[in-house]
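Here is what each chain is made of, one letter per residue.
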Amino acid sequence: MAALRASWKKLSWSAWLQLAGWTVFGTLGCVAFSLAVTFVLFQNAGAEVFDLVLIEATVVPILLAAPLFFYLTLKLRELAIVNHKLVVAASTDALTACLNRGAFSSRVNDVLAREIARRNQRTMGALLVIDADHFKTINDSFGHAEGDVALRVIVAAIQPCLRSDDMLGRLGGEEFAVFLPGASPVNAADIAERIRRSVAEAPFQPAGRLHRLTVSVGGAVFNSPVGFEELFRVADLHLYEAKGAGRNRVELAPMPPDLTPGWLAPLN
């Protein structure tokens, strides 16, 4: 009973309305069914008996069905909330709260697969792969706890640079990825540069000392259907170019034509 009261207190007004709706309409359905069965079985009974059984057919379902529907609806709602939390937990990186590698690659793949299924040759977008520069130095100098703080600072710096439909995921360690659906080369370059600049300006003070964070960004821009693996491979190559050229920079380029599917039928 205490657990049930605790569940009630957590309900919002919309949840209460939904709960009341299921309880009322479920109970009315039971009453209607009970009255229909009673009418069929006792339609030839005397008036006094018929009135009594009609009253019983109305009162008993209300007494039984109303609390039962209320309880079951409440429990089903709790189950739906728990399932939602499990789905979120399974797709979220515990440290940074952005998508984990599996969820990120799966969602990007879904977007790209839908474009291929539509045989849409005009699709465009970009994938950015972002790596924190000299991250091992942070862990070695300040400890892994401060390294975790640095990763959260980087994510917090990236998020304001993104549009509502963009996706941010942590691929592992100090490496992140951003998917920019529908982005033109100019849009992608602008977002990548804003990310680089935002991280460089983010406040990070391990042990009370200011330490500048920087990231290298590699990106691949596409304007025709492409698979995630090919897109990631090219973006990752450009990331290594950015790191090799001195870090704290952006290297962005179009997808090579030979890595773009050539089997797509031309649009009429």
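Residues numbered from 1 in each chain as written. Predicted model: local features only at pLDDT ≥ 70, side-chain atom pairs only at ≥ 80, totals over all residues. Heavy atoms only, no water.

Focus on the overall build of the chain
Then step 1. Secondary structure summary: the chain contains eight helices and five strands in total.
Then step 2. What you see in the chain, going N to C, is helices and strands ordered as α-α-α-α-β-α-α-β-β-α-β-α-β.
Then step 3. Put simply, 74% of the contacts in the chain that link residues at least 6 apart link residues at least 24 apart.
Then step 4. Surface summary for the chain: the accessible area is close to 15300 Å², and the carbon and sulfur share equals 62%. (Helix = DSSP H or I, 4+ residues; strand = E, 2+ residues; numbered from the N terminus. Contact = heavy atoms within 4.5 Å. Areas by Shrake-Rupley, 256 points an atom, 1.4 Å probe, with all protein chains shown as cover.)

Overview of the pairing of strand β1 (residues 125-132)
Then step 1. Most of β1 is tucked away: eight of the eight residues are buried.
Then step 2. With seven bridges connecting them, β1 and strand β3 (residues 175-181) associate as antiparallel partners. If you follow I130 over to β3, its bridge partner there is F176.
Then step 3. In terms of strand pairing, β1 meets strand β4 (residues 215-222) through eight bridges, oriented antiparallel. Looking at β4, one finds that I130 is bridged to V217. (Buried < 20%, exposed > 50% of the residue type's maximum accessible area, 1.4 Å probe, protein only. Pairing = 2+ DSSP bridges.)

Some remarks on a nonpolar patch on the surface
Then step 1. Judged by side-chain polarity, F33, V37, F39, V40, L41, F42 and V49 come together as a nonpolar surface patch covering roughly 680 Å² of accessible area.
Then step 2. The element that contributes the greatest number of residues to the nonpolar patch is helix α2 (residues 13-42), accounting for six residues.
Then step 3. Its place among the elements puts F39 in helix α2.
Then step 4. F39 sits in the partly exposed class, given a relative accessible area of 45%. (Patch = residues over 30% accessible without salt bridge, like charges linked within 9 Å, V, L, I, M, F, W, Y side chains within 5 Å. Salt bridge = Lys/Arg side-chain N within 4 Å of Asp/Glu carboxyl O.)

Some remarks on the pattern of salt bridges
Then step 1. Under the definition given, this model contains nine salt bridges.
Then step 2. In this structure, the salt-bridge partner of D93 is R170, at a minimum N-O distance of 3.3 Å. Taken together, the residues D93 in the loop between α3 (47-91) and α4 (101-117) and R170 in strand β2 (residues 167-172) connect sequence positions 77 residues apart. For the pair formed by D93 and R170, the shared burial category is buried.
Then step 3. We note a salt bridge from R249 to E251, for which the minimum N-O separation is 3.2 Å.
Then step 4. With relative accessibility at 33%, the residue R249 sits in the partly exposed group.
Then step 5. The structure contains a network of salt bridges with shared partners spanning D131, D133 and K243.

Some words on the packing of aromatic side chains
Then step 1. Applying the stated criterion across every chain yields a total of three aromatic pairs.
Then step 2. Look at F104 and F228: their rings are 6.4 Å apart centre to centre, the planes differ by 70 degrees, and that puts the pair in the edge-to-face class. Of the two residues, F104 sits in helix α4 while F228 sits in helix α8 (residues 228-244), which places them 124 residues apart along the sequence.
Then step 3. Since its relative accessible area comes to 0%, F104 is described here as buried.
Then step 4. Through a chain of ring-to-ring contacts, the aromatic side chains of F104, F228 and F232 assemble into a single cluster. (Phe/Tyr/Trp six-rings, centres within 6.5 Å; stacked < 30°, edge-to-face > 60°.)

Description of the pairing of β3
Then step 1. By the criterion of burial, β3 is predominantly enclosed, with six of the seven residues buried.
Then step 2. Bridge analysis of β2 against β3 gives five bridges, and the strand direction is antiparallel. When the bridges of β3 are listed, L168 appears paired with V178.
Then step 3. The antiparallel hairpin formed by β2 and β3 contains two residues in its connecting segment, where G173 sits at a positive phi of about 55 degrees.

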